[in-house]
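One-letter residues, chain by chain:
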Amino acid sequence: MTVISFWGFKAISVVSEPISFTSSSFTIFITICPGVRLSKTSCPIALSCTELEQAERSAAEHLVRTIEENGFRADYGMFGSRHVPEALVRFGFPGHWIRLLTQPEIPGYAAMLRMNGSTLEKQWKCNESGNHPVLGGFAGVLYEYLAGIQLDEGQPGSRCFRLSPKPSVLLGSVSAFHRMESGELRVDWEIKKGMFELTAALPPDGSAVLELPDGREEKLFGAATRHYTCRLSEEKQEKHMEL
């Protein structure tokens, strides 16, 4: 039996036995009968609601196992198109999402290209609307996580950002920009022989906190172009290269 427990919509546990957490909120128990498989989307949506480290780790590991066992096929729908890639990249598995994005079989995005598609289809079978955004939720993950461009929600005016890219050695480089009235915020990074090289540019009235993969943080202000380099940890490189 698998029990998923939401404590006030703040935590999830995907385990064979319930994990106890203290909470002043009410509890919802969802019991999955033996032989019933959780969908890929159930864990990522729960991860977007949780703040407890132990619960997050359990759900993320379950998601990764499910994707590996299913050959990296994208067998989810509208909600999963956003939450699945976001959960994978956010919890340290960007390589899994890149494999999921590029594997050539149906269901999958690369299959759409293989079948001469030039825009997103409505369904994975590629036999309905040939220009539909329903499976396009992953687009935000490209610039929010791979490029790392995120609005600082604690600062009003949409001029303060957090730059926190999540690189993978399966990608050689990533480039993204955000147009503002005063100019352009731009992030470009590439990986060369285990070294992560990033260039960040801000408009005159922009500011950002840059978080590098090695944990360093830098505060950026005003119009300038800055270059940073750090070495990716061997653990991260091995995790991605295993794919």
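Nothing here was measured: the structure is a model prediction, and the numbers come from that model.

Asks: Could you give an account of the overall build of the protein, with specific residues and numbers?
Replies: Helix and strand content of the protein: 7 helices and 10 strands. Taken over 243 residues, the protein has a buried fraction of 42%. Sequence separation of 24 or more characterises 50% of the internal contacts of the protein that already satisfy a separation of 6 or more. For the protein, the exposed surface amounts to about 13,000 Å²; the carbon and sulfur share of it is 51%.

Asks: Mind laying out the confidence of the model for the protein, listing which residues take part and the relevant values?
Replies: Averaged over all residues, the pLDDT of the protein is 75; the fraction at 70 or higher stands at 72%. Confidence, read as mean pLDDT per element, is least for strand 1 (residues 2–7) in the protein (35) and greatest for strand 7 (residues 195–202) (94). Across residues 237–243 the pLDDT falls below 50, and counting only partners more than four positions away or on other chains, this stretch makes 17 contacts in the model.

Asks: Kindly report on the sheet that holds strand 6 (residues 183–192), identifying the contributing residues and their values.
Replies: The pairing of strands in a sheet happens through backbone hydrogen bonds and is either parallel or antiparallel. Taken in spatial order, the 4 strands of this open sheet run 5-6-7-10, and their pairing is antiparallel. Across the chains shown, the open sheet's two edge strands, defined by having one partner strand only, are strand 5 (173–180) and strand 10 (224–231). Put simply, the sheet's adjacent strands are angled 10 degrees from each other on average, direction ignored.

Criteria and cut-off values
Residues numbered from 1 in each chain as written. Predicted model: local features only at pLDDT ≥ 70, side-chain atom pairs only at ≥ 80, totals over all residues. Heavy atoms only, no water. Helix = DSSP H or I, 4+ residues; strand = E, 2+ residues; numbered from the N terminus. Buried < 20%, exposed > 50% of the residue type's maximum accessible area, 1.4 Å probe, protein only. Contact = heavy atoms within 4.5 Å. Areas by Shrake-Rupley, 256 points an atom, 1.4 Å probe, with all protein chains shown as cover. pLDDT = per-residue confidence, 0-100. Pairing = 2+ DSSP bridges. Axes fitted to C-alpha atoms, helices over the stretch in contact; angles between N-to-C directions.

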